[in-house]
Amino acid sequence: AIMIRPLGQCLRQVKVGDHKLGQWAAVPSAGYRVRQAATAAAPADQSKMRNFGISAHIDSGKTTLTERVLFYTGRIQAIHEVRGKDGVGAKMDHMELEREKGITITSAATFCSWRADDKDFHMNLIDTPGHVDFTIEVERALRVLDGAVLICCGVGGVQSQTITVDRQMKRYEVPRVIFINKLDRYGSDPFLVLGQIRKKLGLTVQPVQLPIGEEDNFKGICDLVSQRASFFEGKDGISRRFDEIPGDMKEKVAEHRANLLETLADLDDEFAEVYLENEDVPEDAVHAAIRRTTLARTFCPLFMGSAYKNKGVQDLLDGVCRYLPSPLDKKNMALNSEDEEQTVELSNKTQDPLVGYAFKIQDHPLAGQVTYMRVYQGKVGKGDSIVNMMNNKRISVKRLVRMHSNEIKDVNEAGAGDIVALAGVDCESGVTFTDGKAKVTCSSMFVPEPVMSLSVTASRDDQARFQKALKRFQREDPTFQVEMKQETSETIISGMGELHLEVYCERMRREFKVESLKTGEPKVNYRETITSKTTYDYTHKRQSGGRGQYGKVIGYFEPIPEEEHSDKDGITFVNKLVGNDIPPSYVPAIEKGFRSATQKGLLTGSPLINMRCVLEDGAAHEVDSSSEAFQAAALGAFENFYHEANPVVLEPLMAVEVTFPSEFQPQTLQTINGREGSIQSTKAVSADTSLVEAVVPLRRMFGYSSDLRSVTQGQGEFSMEFKEYAEMPQQRAEELIAETRRKGREAH
């Protein structure tokens, strides 16, 4: 679809920049080109599809960059800023809350098209949140995307959430290009950031561009591959003009180009031959080598620019088309639903049986529940009948749509490699859909444990809406958990941090009109563990007329050493029985008993972690023994011998990063020391900004943002993420144990 308007009337409707380098479009007025609007139909050629996400630390400019991408690809007609003065807000921050707070809360999806190297590319783009509280949104996006753009701030560099996102990209083996943003800002230094990327993320990175000018004088970009300069002119940087490299930069460009080619020759044998044989390496060979090494995840090309100042975005889009994978370049695996040990490779072919993965659901005011789905194999069309592999129910696809932030465009069908949404289908997030022929399920996502809880109540009049909201949020977000406390009849919600829960409470008030919502004090999710090995020998006996109950268990409890700690951080059960003193059929009941006992430690009622329960011996009665009796025996062994294993209370420690103007350093360090924090490092990020890395107990982090703002005149920012569970200081632990006992007495 082409939009043509009189040039004089609307210059921003046209642009240059999606043509082959060095060619001007045959349109009047010095190379302006008509902007292309993406059609809702995807191309049949998967090699020209790009499914990618934009991820970074908070405030690195993800949403601002996405806004520019949408503008230059013709998806939106005007640029609006995050927290913009015009009150419109960025397109991808469609929730009222997102526009108010100026942050991204949910990943928003959109589609667009771009012309690079004389080919039209179809892109599915997901803009993800940067706050660690919404980390599940990033996990979901990376699970289904083929490639990613990692943004680093030219001033802040590599920050805590950049490291988290990098870890997630490595977990899902996502190739990426890196974009250093905000090069127009005072104190920006792309080469300092490049050093941090190499050191902190351990990536092999070389710039493929150099900036022309610094800070306020940032004018354009030199491309090291094509050896020409790009300048971004006209309203909103809409026209991209190519020119010779400025004379004072030729030497620098030659030096960095030589480094780039040398790195590629070391990593790629095919390119090494070309490099050794040719003095002047062909441009196509360099592009091909960057693509191969990026897809192999041995190299990351580094782009530079300033999204806010409209510089470098078109070049980045060219880079996404050239270097990031198409669906054909990625190997996607699924599990055989009849034998989950066996993995099956998905084919990416449209003619094969359908396999799709529902990675996110959200409520839409016009379409009801919208389920985002990545089609890995086969195709899905309007009116098709598909099977939910979680419950084997067959459902009909009444409406198939593409999402543009919160706007909907209907489509008739979608093939392998595409990302679409099913409207009005009732399902959970994380399910696999097939046409019934393929008996496979896609592996699930990694879901982190919640670290914080909050009690919430609503009046009787609002109860129906309150319960509906809780159900809806649980389906949307696996990290949001709800628990009803029977003894206190409280509703406890748990999540990834203060902001996470605050946003859900605010959404209940706004979207579900739960106006009477009240929240209690935030609660930290503590854990317990044991510190020494202890043996147990316990007999459960009960005789009360008729058949009795009998079960005897002997063994020991021991702490799991630190080097054996797994991601699960749970309880390990080991069966070391010899002979048939306890019939093997009762062993699962004993394990179940231990596992249910360790859900509630005897100090604070918190779950246990890092403990091994070993069963060595025992006895059974041929009449009175049963699964229930052995389950009760395991429970009794735990309750009677737990205190001998010297249990302790563990609390979550958070890795906290605080950025603030250097003049406020003493006051800022005081806010951390005053909260039992241990400072790991302090460094200057630019001439007048410093950064502190510290480890602080989560229980002391509540209300920190207002403290920090007051000592830094509103200019300080902080981010935190869960680091580990560690033993709580004794005095604090004793206070917590006493409080738990007091509450227990009151409840009874």
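Once a new chain begins, its residue numbering starts again from 1 and follows that chain's sequence as written. In keeping with the model being predicted, local features are shown solely for residues with a pLDDT of at least 70 and side-chain atom pairs are shown and tallied solely at 80 or more, while totals for entire chains, interfaces and linings include all residues. In computing side-chain properties, one takes all heavy atoms of the structure into account and sets aside hydrogens as well as water.

Turning to the sheet that holds strand β25 (residues 452-457), a few remarks are in order. DSSP-based pairing: two strands are paired if at least 2 bridges between them are found. Starting at the N terminus, helices and strands are each numbered in turn, a helix being any DSSP run of H or I of at least four residues and a strand any DSSP run of E of at least two. Pairing within the open sheet is antiparallel, and its four strands lie in the order β26-β27-β25-β28. Since the sheet does not close on itself, it has two edges, and those belong to β26 (481-485) and β28 (518-524), each with one partner. Averaged over all pairs of adjacent strands, the angle between their axes in this sheet comes to 25°, without regard to strand direction. Pairing of β25 with β28, which is carried by five bridges, proceeds in the antiparallel orientation. For Val 456, the partnering residue across the bridge sits in β28 and is Thr 519. Whether two residues are in contact is decided by their heavy atoms: any pair within 4.5 Å suffices. Axis lines are fitted to C-alpha atoms, over the contacting stretch for helices. Their N-to-C directions set the angle, which ranges from 0 to 180 degrees. Across the sheet, helix α11 (residues 463-476) is in contact with β25, β26 and β27 (490-495); its angle to β27 comes to roughly 25°.

Because each turn of an α-helix spans 3.6 residues, side chains separated by three or four positions in sequence point in the same direction. Summary of the burial criterion: residues with accessible area below 20% of their type's maximum are buried, those above 50% are exposed, and those between are partly exposed, where the area comes from a 1.4 Å probe applied to protein chains only. Buried within helix α15 (residues 665-673) we find Thr 668, Leu 669, Thr 671 and Ile 672. Down the axis of α15, the smallest arc covering the buried residues is 150°, so these residues share one side. Exposed residues on α15 whose side chains face more than 90 degrees from its buried face are Pro 666 and Gln 670. What the arc measures is the spread of directions leading from the helix axis to the C-beta atoms.

In this scheme Phe, Tyr and Trp rings, the latter by its six-membered ring, pair at centre separations within 6.5 Å, and the angle between planes marks the pair as stacked below 30 degrees, edge-to-face above 60, and tilted otherwise. One pass over the full model with this rule turns up 15 aromatic pairs. Geometrically, the ring pair formed by Phe 557 and Phe 638 is edge-to-face, given 6.4 Å between the ring centres and 75° between the ring planes. Linking Phe 557 in strand β31 (residues 549-559) with Phe 638 in helix α14 (residues 627-641), this pair joins segments that are 81 residues apart in sequence. By relative accessible area, which is 1% here, Phe 557 ends up buried. Taken together, the ring pairs in this structure connect Tyr 536, Phe 557, Phe 573, Phe 594, Phe 638 and Tyr 642 into an aromatic cluster. One Lys or Arg, Arg 402, reaches over the ring of Phe 111 and ends 5.7 Å from the middle of that ring. By definition, being over a ring means that NZ of Lys or CZ of Arg is both within 6 Å of the ring centre and within 35 degrees of the ring normal. Note that Lys 533 overlies the ring of Tyr 556, its terminal NZ or CZ placed 4.1 Å from the centroid.

Moving on, we come to the pattern of salt bridges. Put simply, a salt bridge is a Lys or Arg side-chain nitrogen that is within 4 Å of an Asp or Glu carboxyl oxygen. Within the structure shown, the criterion is met by 31 salt bridges. In this structure, the salt-bridge partner of Asp 315 is Arg 240, at a minimum N-O distance of 2.5 Å. With Asp 315 in helix α10 (residues 313-323) and Arg 240 in strand β10 (residues 239-243), the pair connects residues that are 75 residues apart, well separated along the chain. Accessibility classification places Asp 315 together with Arg 240 in one group, the buried group. Across the pair Arg 595 and Glu 591 runs a salt bridge, and its minimum N-O distance is 3.0 Å. Residue Arg 595 and its partner Glu 591 are located together in helix α13 (residues 587-597), separated by four residues, close to a single helical turn. Take Arg 595: its relative accessible area is 35%, and that puts it in the partly exposed class. A single network of salt bridges, built from pairs that share partners, joins Glu 651, Glu 676, Arg 699, Arg 700, Arg 732 and Glu 735.

What follows deals with the side chain of Thr 659. Within the secondary structure, Thr 659 sits in strand β34 (residues 647-661). Owing to a relative accessible area of 19%, Thr 659 belongs among the buried residues under this scheme. Apart from the residues within four sequence positions on either side, Thr 659 is in contact with Gln 159, Thr 689, Ser 690, Leu 691, Gln 715, Gly 716 and Glu 717.

Taken in spatial order, the four strands make up an open sheet running β7-β8-β9-β10, and their pairing is antiparallel. Two strands close off the open sheet at either side, each with one partner strand: β7 (209-212) and β10. Ignoring which end each strand starts from, the neighbouring axes of this sheet average 30° apart. Relative to strand β9 (residues 228-233), strand β8 (residues 220-223) runs antiparallel, the two being bridged by four bridges. Paired with Cys 222 across the two strands is Ala 229, which belongs to β9.

So, on to the packing of helix α7 (residues 250-267) against helix α8 (residues 269-277). Contact geometry for α7 and α8: axes closest at 6 Å, N-to-C directions at 130°. Taken together, the axis directions place α7 and α8 in an arrangement best described as oblique. When the axes of α7 and α8 are compared, the crossing they make is left-handed. Between α7 and α8, the contacting residues are Leu 261, Glu 262, Leu 264, Ala 265 and Leu 267 on the first element and Asp 269, Phe 271, Ala 272 and Tyr 275 on the second. Roughly parallel here means an angle under 35 degrees, roughly antiparallel means over 145, roughly perpendicular means 65 to 115, and every remaining angle is called oblique. Should the near helix be turned anticlockwise from the far one by less than a right angle, the crossing is termed left-handed; should it be turned clockwise, right-handed.

Consecutive side chains along a regular strand alternate between the two faces of the sheet. Taken together, the five bridges between β9 and β10 define a ladder with antiparallel strand orientation. Counted as the bridge partner of Ala 229 is Asp 243 from β10. Between β9 and β10, which pair antiparallel one after the other, the connecting turn spans five residues, and Gly 234 there sits at a positive phi close to 75°.

Nothing here speaks to function; it is all geometry.
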